[in-house]
Every structure is written in C-alpha cells, then in structure tokens.
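Read off the chains here:
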Amino acid sequence: MPTVISTESFSSIVHFVTAANSSSFTEAAELLGVSKSAIGKSIQRLEHNLGIPLFHRTTRKISLTTEGEAYLASCQSALETLQMAEMALRSKLTEPTGTVRIDLPAAFGRSVMMPVLMDMTKRYPHLKLTITFNDRIIDPLDIGFDLAIRFGPVKDTTDLIARKLNDQHLIICASPDYLTAYGTPETLADLAHHHCLMAWRGGAPLSWLIRDENGKDIRLKLAPFHQISDGDVMIDACIAGAGLIQFPAALLRPHIQSGKLVPLLAGCNPAPTELNVIWPRARHLLPGVRFIIDELIELAAQKAFE
C-alpha cells in the first residue's frame, strides 16, 4: 500500500527547509508568514516523527545536525522535483524548465560542451543548469547529477543509463617551440626520450591509448615528466612548450589550426573512443533532463562535438 504524506507533514518539511536555509526560525517565520512558535512546533513534530534531531539549538542560533544536513539535501531535491513538475504542467511541456545538474569533463566540458549548453539556456530561459567539472569515473553509489558526459564505453547498469553521442579521436601534440628544442618523435620508442605530460587521476598517472606497430591498440605507460590533474592546464602547458599530450582532437583542433600545436605520430593514433551522456536510471525523466538528452543526441548527429 503506498505511503500517504499528510498536509501537516508536507508543511513541516517546507518549514524545515526554510529554517535550514535561513539558519533562523524567526526569519523562516517571516518568509512564510507564520509565527516563530508555529515554525518551532512544526519542526519539533517532524523531528519526533523521524526520531532524530535535525537542529542544534542554542539561545542565539540554530545549526543543522549531521542527520539534518542529509535530510535537507533529500527534501530540497524532492521539493525541486515537485516545482519542476508544476512548471512543466503549467507550460504544457512546450519548453524545458527547472534546474538540471550536469557533470562535465573539465577541459572538454569548458571548451566544447559549455557553448552548446549556454545556447540551450539562451533559447529556453526557464531552463537552469547546475554544472560541475571533473574527470573522475562515475560511481553509481555516489550519483550527484541528473546528467554526465564521459569518455570511454559505459554499459547500462541497474543505476545508470548511457547513450553514445559520437566517437572522439585521440591525437598526440606538442608545440613548435618544444619540437625545436627537443626534436620530433618519429616512432613509439622515441616517446621514452621526450617530456610526456600525463593526466593525474586517483593518485596515479593515466596511461595513453596507442596503436602499436602491429596495428593493435594498447595502453602505453610512459614515464611522466609532469603529472597534472586539470585538462585545461595540461593543454596550456603543452602550448607553452612543456611537453607532449594526448587529447581528443575536438579539444586540440583550434590550437592546431592557429599553429600553436603540431600533431605527431599519426600512425599511432588509436581507434576512436566513445563520448557518452549518462544519467541515473529512474522511472520518469523530468522534462528538462529529457530535453537536454535529446538535444545532445541530435547535435552529435550533426557532428557538433567533433
């Protein structure tokens, strides 16, 4: 039998969220147009029903307990979902609305994805984005996003759904200044004598995906000269002459066209790697999330990310 939330319980949740965000029962009462006493009693009932204290209380201020912080995050997400559903119904789904949380790879997200996403918000002013940048592997047990973009194959799981956007071609580059100073590598073996800038993830440098002399794609673990955790900084360092990098061509193409970078070892470029959009599995996708997924898939078909 489904659980029914009473009007009183819902009001208590609203009172709790408002008080938590304002850090004051008095301010929450003013915002909601009720008495401070009503706020206090409402939150006390909520704490009694939950069996846990949500606030630390002193005569001068209130602050959330650890349990209160976790409950606040859940309540805010639920209220935001209700707000988005209401906005969608009011607009009769004629345009995407609400806030969508998107997690992007740092360099690719800033350079390639951000202009696309900003164009969406320009065309649909009721669509709001919360965007984070990182290159970590998606952990289904720690999902804090509505959508994420990631490189490499991703299989559907009980927690995640992935859809391929396109193939990304990995290439090796260096700056003209670096090549003048250290020479141009002609073979894979030459890489051992060059300054290779490696991405730093999870406490270790990442390997490069390389096509060897036999035409097979292998993981090449090079001795890193510099290890850098931020993609944008790696590209800047490469342009400044610090060494060689391997990145998706979509990121490096503008710098190649401007003459700041030079492609190397084209015969060693591996088979393309997938670019995927990923989202948590749910029974129903909110309109804003569904819109962005469809838009990204359509733009990928138009080669917008190559």
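Residues numbered from 1 in each chain as written. Predicted model: local features only at pLDDT ≥ 70, side-chain atom pairs only at ≥ 80, totals over all residues. Heavy atoms only, no water.

Participant: Tell me about the overall build of the protein, residues and numbers included.
Facilitator: Within the protein one finds nine helices and 15 strands. Each of the 306 residues in the protein was classed as buried or not, and the buried ones make up 42%. With the model as given, the accessible surface of the protein reaches about 17,000 Å², and the carbon-plus-sulfur share is 54%. (Helix = DSSP H or I, 4+ residues; strand = E, 2+ residues; numbered from the N terminus. Buried < 20%, exposed > 50% of the residue type's maximum accessible area, 1.4 Å probe, protein only. Areas by Shrake-Rupley, 256 points an atom, 1.4 Å probe, with all protein chains shown as cover.)

Participant: Describe the sheet that holds strand E4 (residues 127-133), with residues and values.
Facilitator: What holds strands together in a sheet is hydrogen bonding between their backbones, with the strands either parallel or antiparallel. Spatial strand order, E4-E3-E5-E15-E6: five strands in an open sheet with mixed pairing. The open sheet has two edge strands with one neighbour each: E4 and strand E6 (160-168). Geometrically, the sheet is characterised by an average inter-axis angle of 20 degrees between neighbouring strands, direction not taken into account. (Pairing = 2+ DSSP bridges. Axes fitted to C-alpha atoms, helices over the stretch in contact; angles between N-to-C directions.)

Participant: An account of the pattern of salt bridges is needed here, citing residue identities and associated values.
Facilitator: This structure, assessed with the given rule, holds ten salt bridges. Arg57 is the partner of Glu47 in a salt bridge, and the nearest nitrogen-oxygen pair spans 2.9 Å. Within this pair, whereas Glu47 is found in helix H3 (residues 36-50), its partner Arg57 is found in strand E1 (residues 55-57), the two being separated by ten residues in sequence. Here Arg123 and Asp119 are joined by a salt bridge, their closest N and O atoms 3.0 Å apart. (Salt bridge = Lys/Arg side-chain N within 4 Å of Asp/Glu carboxyl O.)

Participant: Any details on the nonpolar core? Residues and values, ideally.
Facilitator: By size, the foremost hydrophobic cluster in this structure holds 43 residues, and its most contacted members are Met120, Leu147, Ile292, Leu296 and Phe305. The dominant element in this core, judged by the number of residues it contributes, is helix H5 (residues 106-123), at eight residues. Built from parts of two domains, this core gets at least three residues from each of domain 2 (98-167 + 273-302) and domain 3 (170-268). Excluding residues within four positions of it along the chain, Leu296 makes contact with Met113, Val116, Met120, Ile149, Leu165, Val277 and Phe305. Residues Ala20, Ile43, Ile62 and Tyr71 belong to the second largest nonpolar core, which totals 17 residues. (Core = buried A, V, L, I, M, F, W, Y, C linked by side-chain atoms within 4.5 Å. Domains from an automatic or database assignment. Contact = heavy atoms within 4.5 Å.)

Participant: Give me the lowdown on H5, citing residues and values where you can.
Facilitator: Since one α-helical turn is 3.6 residues long, residues separated by three or four positions face the same way. Taking 1.5 Å per residue, 18 residues should reach 26 Å; H5 reaches 24 Å between its end C-alpha atoms and fits that length. In the structure, H5 departs most strongly from a straight axis at Met113, where the bend amounts to approximately 50 degrees and where the proline Pro115 lies between one and four residues downstream. Here H5 has its buried residues at Ala106, Ala107, Phe108, Gly109, Val112, Met113, Met114, Val116, Leu117, Met120 and Thr121. (Expected span 1.5 Å × (residues − 1). Bend = angle between axes of the 7 residues up to and from the residue.)

Participant: Account for the packing of aromatic side chains, with residues named and values stated.
Facilitator: A complete count under the given rule lists six aromatic pairs for this structure. A centroid spacing of 5.0 Å and a plane angle of 75 degrees characterise the contact between Phe108 and Phe151, whose relative ring orientation is edge-to-face. Note that Phe108 is positioned in helix H5 and Phe151 in strand E5 (residues 147-151), a separation of 43 residues in sequence. By relative accessible area, Phe108 is classed as buried at 1%. Here Phe151 falls in the partly exposed class, since its relative accessible area comes to 32%. Taken together, the ring pairs in this structure connect Phe16, Phe25, Phe55 and Tyr71 into an aromatic cluster. Just above the ring of Phe133 sits the side chain of Arg110; from NZ or CZ to the centre is 4.8 Å. (Phe/Tyr/Trp six-rings, centres within 6.5 Å; stacked < 30°, edge-to-face > 60°. Lys NZ or Arg CZ within 6 Å of the ring centre and 35° of its normal.)

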